[in-house]
Amino acid sequence: MSAASTAESADFRGPLDITRAATVVLDAESTVIGWSPAASELLGYGPSDALGRPLTTFLSVRPAGGTLPAEASGAAGPGPGPPSLVGNEIHVARTRDGRELLVATATCPLPGAAGASGPGTPDRILVAAEVEALLHWESRIALLQGLATQSPVGLAIYDTDLRLSWSNTAYEREMGQPLAAFRGKRAEELYGAGSFVTPGYPHTLAGVMRQVLDTGEPVLDLHFRGQPPSDPGRDHLWSCAYYRLEDAHGHALGVCEDAFDITDRYRVQERLTLLVEAGRRIGTVLDVATTAEEIADVAVPDFAATVRVDVTRAAVTGETAAVGSPADMTLLRVAERSAPGSGTPDPGLPASGPTETGRPDPYRPGASPTVTDSPDPGRPETGPTGSGPTGSGPTATARGPAGPGGTNSPGGPGGPRQPYPPVDYPPGSPQNRSLSSGGLVLDEGTLVVPLRTGGGILGLVTFDRGEGLDTSGRTPGPDRATTFDNGEVALADELAARAAVCIDNARRYTRERTASLALQRQLLPHHLPPQSAVETAYRYLPADDVTGVGGDWFDVIPLSGTRVGLVVGDVVGHGLQAAATMGRLRTSVRAFAQLDMAPDELLTRLDDLVGQPAEDRSDACGGAVETYDVTTGATCLYAVYDPVSRRCVMARAGHLPPAIVGPGGEVSFPDLPAGPPLGLGGLPFESMEIDLPVGSLLALFTDGLVEARDHDIGRGLDTLGQVLGDRSASLEELCDRAVSELVPGGTSADDTALLLVRTRALGADRVADWELTAEPVSVGRARELATGQLEAWGLEELVFATQLVVSELVTNAVRYAGGPLGLRLIRDRTLVCEVADTGHTSPHLRHSAADDEGGRGLFIVAQLVQRWGTRYTPTGKTIWTEQALPPAEAG
């Protein structure tokens, strides 16, 4: 904008003002006797051309066409023109160059002209201006009048002493009194308790206006919070603008304030912000108690002074949401939050009352104590879960010893936690009415919203604004809203709906995790029976609450010939399906191990079994195959240790190799051939045989022990080797040290299995073996050798049965297999009798008919022994039997 246009826009003199309008002095006969420069500028005639000529020479009532233009004739209102021109005459002026101008004129008689009228005597003054300029000026005046009387924006002018000198009607309504009542007051006297909340500017009205006066720079959209005199009960928020007022010479006259109340818009924005915050902070973990506390944390203190979250016992324990009457719903107080200095009596816990901090009194009977040594007084410590501490996350407040009907509900999914006190709302209370109707209830300053999902109720959320006395016995401050409007009710309903979805997800997760842990505990070994071949110790740590139950497993399997099978495995994924898959694999390994399969053969059979279910599911589901199979990709390590030969044969399917610690404390990780994980196929599995001196330590473990987010497997293996190298420690101590060093928090993102085995050997006095020829005479020789050895061991009670067993097995070997034959007796927890031959055909137990001459020998053997079986070797097979020792020897 140019300087000329700026000066023109700032000139509020009307077009018919005598100081700027075309001015003509007329005598009584309407002859021009005076002609102003403005008249010369408007019509083009100079004074010499105009003086002495009649006015009609320049102005006519009607234009050449005989009618006024439409913009001047107007149809609205009486008079010769539009309403804005009423009181002025409209003429057509002829300029010197022949143009016609539509002008408005006004006439003013001169004082004393009536008594001295005559030619050449001034009689009246006529002023004229273009109609377009007059209409433009009238619109500017209407704008100023509208700002002063009709505008919703509050306008005020403060002088250089920052005293109010003028305000418009909107400002008067805000003040609740006319301008005369507060003119001359300073801003601090009008809004003393308010302040600016926009950062980067002074906080006081005087500070901002003084800055504008001094710098001349206007400011826009400053947010001012305060209480107007017309509404002293609630805070309002205004968007303010300030600019300096100057006179025509640039001297400061004061400051103009434009203020628009944006309280409603700000509250809507606050609600949207609260919803965004709720979406970010509610449901961060799959834990009912944590989710309940998160909604309380979000709502206090911005939305409510006190929030109580009550959840049904079924939701806490992971059961189905309640759909019955309120009598069927046992509510537990899971979370409670109160703003400082706030709090109201709790109708659900009649024995409890508010304390100075807004918490129930922990020393009052039936109250719920809070933990005072926690960093946050409202957050008690979380109890342990599983085999270690719980996962991260806040805990619920207002917890204490449960009264009658209390529950030990899980704090993390699947783990124990401090009990939550039961609540019982009396009939007629807002909470009881909400339970009965299934809808929200607004009762003065209390809003109760049910947590609904799937047609059932998970609990209640009570939002309380403390309409009565606060915890200090004082009435709430005037800036606190004590009721909820329609928008806030809708916001509370949305908050509760989001919390209900998260709580329902946590409930489902709790149910699945509880079932998974129960299944996992049932499928894992409850205890390891003592073995003559090895001494064992183990640790199993489930995954944390965030990751869920995994599929790590281990087992110790007694085999024939006092051998022992050692197995550890890891199933891909977490949850109920992983636990079930772990059980399938463990059962399959035990079944294959009882067949005395070599480790590589066992893994091959297991690999075939793992690859089979996908095809079965595809056929059963009409060709639909699951997109995620936790069985495929599982890993396994299987080893067989023989205490007689002190040799260990092992093979692995994608699993980490074991750690071996020699009698001298040297630690090694054998370069065991790495087969593919189960279910992938393509490559064969290979076994490795290792000599293990007596007292060697064998450690089988899963990757959850040695791998973590903060270090790789290599570092974990080094740490494990350092722990296991201590030969003076017991196996239990080594397990504890390994877990504390590698899983310091007690849980990790993956579950952990560790099996420690210290080898033993059977002495020569407990093993006797002989080599026989494949001749009939060897049968009698075998009986004699066995009888003599049993008598040497003091097992005369077993001589008769053993003679029958040896006779039958050696006879079958001589008749159906080839030599040389081997006979071995082992005195362990049972009496083991083994007959080895070079044949590869296994005998089968059958029931002979009454007229059959043979086929009863093996049947008789099976009746005399506890169990028997066949074990294949590279050179043939071994038939073995086990007999129980006499009670005295067994003890």
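This section reports on the structure supplied with the text. Since the model is a prediction, treat every value here as computed from it, not as a measurement. (Residues numbered from 1 in each chain as written. Predicted model: local features only at pLDDT ≥ 70, side-chain atom pairs only at ≥ 80, totals over all residues. Heavy atoms only, no water.)

**Considering the overall build of the protein chain**
Note the following rule: Secondary structure counts use DSSP, requiring at least four H or I residues in a row for a helix and at least two E residues in a row for a strand, with both numbered from the N terminus. Buried, partly exposed and exposed residues are distinguished by accessible area as a fraction of the type maximum, computed with a 1.4 Å probe on protein chains only: under 20%, between the cut-offs, and over 50%, respectively. The contact criterion used throughout is that any non-hydrogen atoms of two residues lie within 4.5 Å. Each accessible area is a Shrake-Rupley result for a 1.4 Å probe, and residues are judged covered by the shown protein chains and nothing else.
Assigned secondary structure in the protein chain consists of 23 helices and 34 strands. Of all 891 residues assigned to the protein chain, the portion counted as buried reaches 49%. A separation threshold of at least 6 residues defines the contact pool for the protein chain, and within that pool the share at least 24 residues apart is 61%. Accessible area for the protein chain stands at about 40,900 Å²; split by element, carbon and sulfur atoms hold 54% of it.

**Quick notes on the pairing of strand E10 (residues 219–226)**
Cut-off, in case you're wondering: Two strands pair if DSSP finds at least two bridges between them.
The sheet contact formed by strand E9 (residues 195–196) and E10 spans two bridges and is antiparallel. Across the sheet, the residue bridging to Ser 195 is Arg 225, located in E10. Pairing of E10 with strand E11 (residues 236–246) involves six bridges; the strand directions are antiparallel. From the neighbouring strand, Leu 222 faces E11, where its bridge partner is Cys 240.

**Concerning the packing of helix H20 (residues 777–793) against helix H21 (residues 799–816)**
Rules: Fitted lines through C-alpha atoms give the axes, limited to the stretch in contact for helices. The angle between two N-to-C directions lies from 0 to 180 degrees. Here roughly perpendicular refers to angles of 65 to 115 degrees, roughly parallel to angles under 35, roughly antiparallel to angles over 145, and oblique to all remaining angles. Handedness of each helix crossing follows the sense of rotation of the near helix against the far helix: counterclockwise by less than a right angle gives left-handed, clockwise gives right-handed. Amino acids are sorted into nonpolar (Ala, Val, Leu, Ile, Met, Phe, Trp, Tyr, Cys and Pro), charged (Asp, Glu, Lys and Arg) and polar (every other residue, Gly among them).
The N-to-C vectors of H20 and H21 enclose an angle of 150°; their axes lie 9 Å apart at closest approach. It follows that H20 is roughly antiparallel to H21 by the angle criterion. Here H20 runs over H21; the crossing is right-handed. For the pair H20 and H21, the contacting residues are Ser 778, Val 779, Ala 782, Arg 783, Ala 786, Thr 787 and Leu 790 in the first and Val 799, Thr 802, Gln 803, Val 806, Ser 807, Val 810 and Thr 811 in the second. Along the lines of polarity and charge, the residues of the contact of H20 with H21 split into seven nonpolar, six polar and one charged.

**Digging into the environment of His 711**
On the secondary structure map, His 711 appears in the loop between helix H17 (703–706) and helix H18 (713–724). Contacts of His 711, omitting those with residues within four sequence positions, involve Val 706 and Gly 716.

**Observations regarding the sheet that holds strand E13 (residues 306–312)**
Taken in spatial order, the six strands of this open sheet run E15-E14-E13-E18-E17-E16, and their pairing is antiparallel. Where the open sheet ends on each side, the last strands, each with one partner, are strand E15 (422–423) and strand E16 (441–443). In the sheet, E13 pairs with strand E18 (residues 456–464) via six bridges, with the strands oriented antiparallel. Directly across from Val 307, in E18, lies its bridge partner Phe 463. Of the strands in this sheet, E13, strand E14 (331–338) and E18 are in contact with helix H11 (residues 288–299), which crosses E14 at around 30°.

**Some points on the packing of H21 against helix H22 (residues 857–864)**
Running from N to C, H21 and H22 cross one another at 145°; their axes reach a closest spacing of 10 Å. The two elements H21 and H22 cross, and the hand of that crossing is left-handed. Together, Ala 801, Leu 804, Val 805, Glu 808 and Leu 809 of H21 and Gly 857, Leu 858, Val 861 and Leu 864 of H22 make up the contact between the two elements.

**Regarding the nonpolar core**
It is characteristic of soluble globular proteins that their nonpolar side chains tend to be buried jointly. Stated precisely, the cut-off is as follows: In this description, a nonpolar core means a group of buried Ala, Val, Leu, Ile, Met, Phe, Trp, Tyr and Cys residues linked to one another through side-chain atoms lying within 4.5 Å.
Counting residues in each nonpolar core, the largest one holds 48 residues, and the members touching the most others are Trp 553, Leu 566, Val 589, Leu 602, Tyr 638, Leu 678 and Leu 698. Contact partners of Tyr 638, with chain neighbours within four places excluded, come to Leu 559, Gly 565, Leu 566, Val 567, Val 589, Ala 593, Met 597, Pro 599, Leu 602, Val 649, Met 650 and Ala 651. Counting residues in each nonpolar core, the second largest holds 41 residues, with Ala 289, Phe 303, Val 461 and Phe 463 among its members.

**A few points about unusual backbone geometry**
The residue after Val 300, namely Pro 301, is reached through a cis peptide bond having omega 0°. Here Pro 301 is to be found in the loop between H11 and E13. One non-glycine residue, Asp 596, lies in positive phi territory at about 55°. When you line up the elements, Asp 596 lands in the loop between helix H15 (576–594) and helix H16 (599–620). With relative accessibility at 10%, the residue Asp 596 sits in the buried group. A positive phi angle, close to 55°, is found at Arg 646, a residue other than glycine. Along the chain, Arg 646 turns up in the loop between strand E22 (635–642) and strand E23 (647–653). A relative accessible area of 36% places Arg 646 in the partly exposed class.

**What about the packing of aromatic side chains?**
Heads up, the rule is: The rule is short: rings of Phe, Tyr and Trp, with Trp giving its six-membered ring, pair when the centres are within 6.5 Å, and they are stacked under 30 degrees, edge-to-face over 60, tilted in between.
For the structure on display, the rule yields 11 aromatic pairs. With centroids separated by 6.1 Å and ring planes inclined at 45°, the aromatic side chains of Tyr 171 and Phe 182 adopt a geometry described as tilted. Of this pair, Tyr 171 sits in helix H6 (residues 169–175) while Phe 182 is found in helix H7 (residues 179–182), placing the two residues 11 residues apart along the sequence. Centroid distance Phe 224 to Trp 238: 6.1 Å. Interplanar angle 40°. Geometry classified as tilted. Of the two residues, Phe 224 is situated in strand E10 and Trp 238 in strand E11; the sequence distance between them amounts to 14 residues. A relative accessible area of 3% means that Phe 224 is categorised as buried. What makes Trp 238 buried here is its relative accessible area of 2%.

**A few points about the sheet that holds strand E33 (residues 867–873)**
Pairing is antiparallel in the open sheet, where five strands are placed in the order E30-E31-E32-E34-E33. In the strand order of this sheet, the two ends are held by strand E30 (767–772) and E33, each with one partner. Within the sheet, the average angular offset between the axes of one strand and its neighbour, ignoring direction, is 15°. Two elements, strand E31 (residues 821–827) and strand E32 (residues 830–837), share six bridges in a ladder whose sense is antiparallel. Across the sheet, Ile 826 pairs through a bridge with Val 832, a residue of E32.

**Considering the side chain of Thr 787**
As a reminder, the rule being used: Distance and chemistry together define a polar contact, namely a pair of N or O atoms within 3.5 Å, with one atom able to donate a hydrogen and the other to accept it when in protein, and with adjacent residues in sequence counting only for side-chain atoms on both sides.
For Thr 787, the location among the structural elements is in helix H20. Here the side chain of Thr 787 touches Arg 783 through a polar contact of 2.8 Å, landing on its backbone oxygen.

**Notes on the pattern of salt bridges**
Here is the rule: What counts as a salt bridge is simple: a side-chain nitrogen of Lys or Arg found within 4 Å of a carboxyl oxygen of Asp or Glu.
Counted according to the given criterion, the structure contains 32 salt bridges. Between Arg 586 and Asp 555 there is a salt bridge; the shortest N-O distance is 3.1 Å. Residue Arg 586 is located in helix H15, and its partner Asp 555 is located in strand E20 (residues 553–558); the two are separated by 31 residues in the primary sequence. Asp 555 shares its class with Arg 586; the two are buried.

The values are spatial; any link to function lies outside them.
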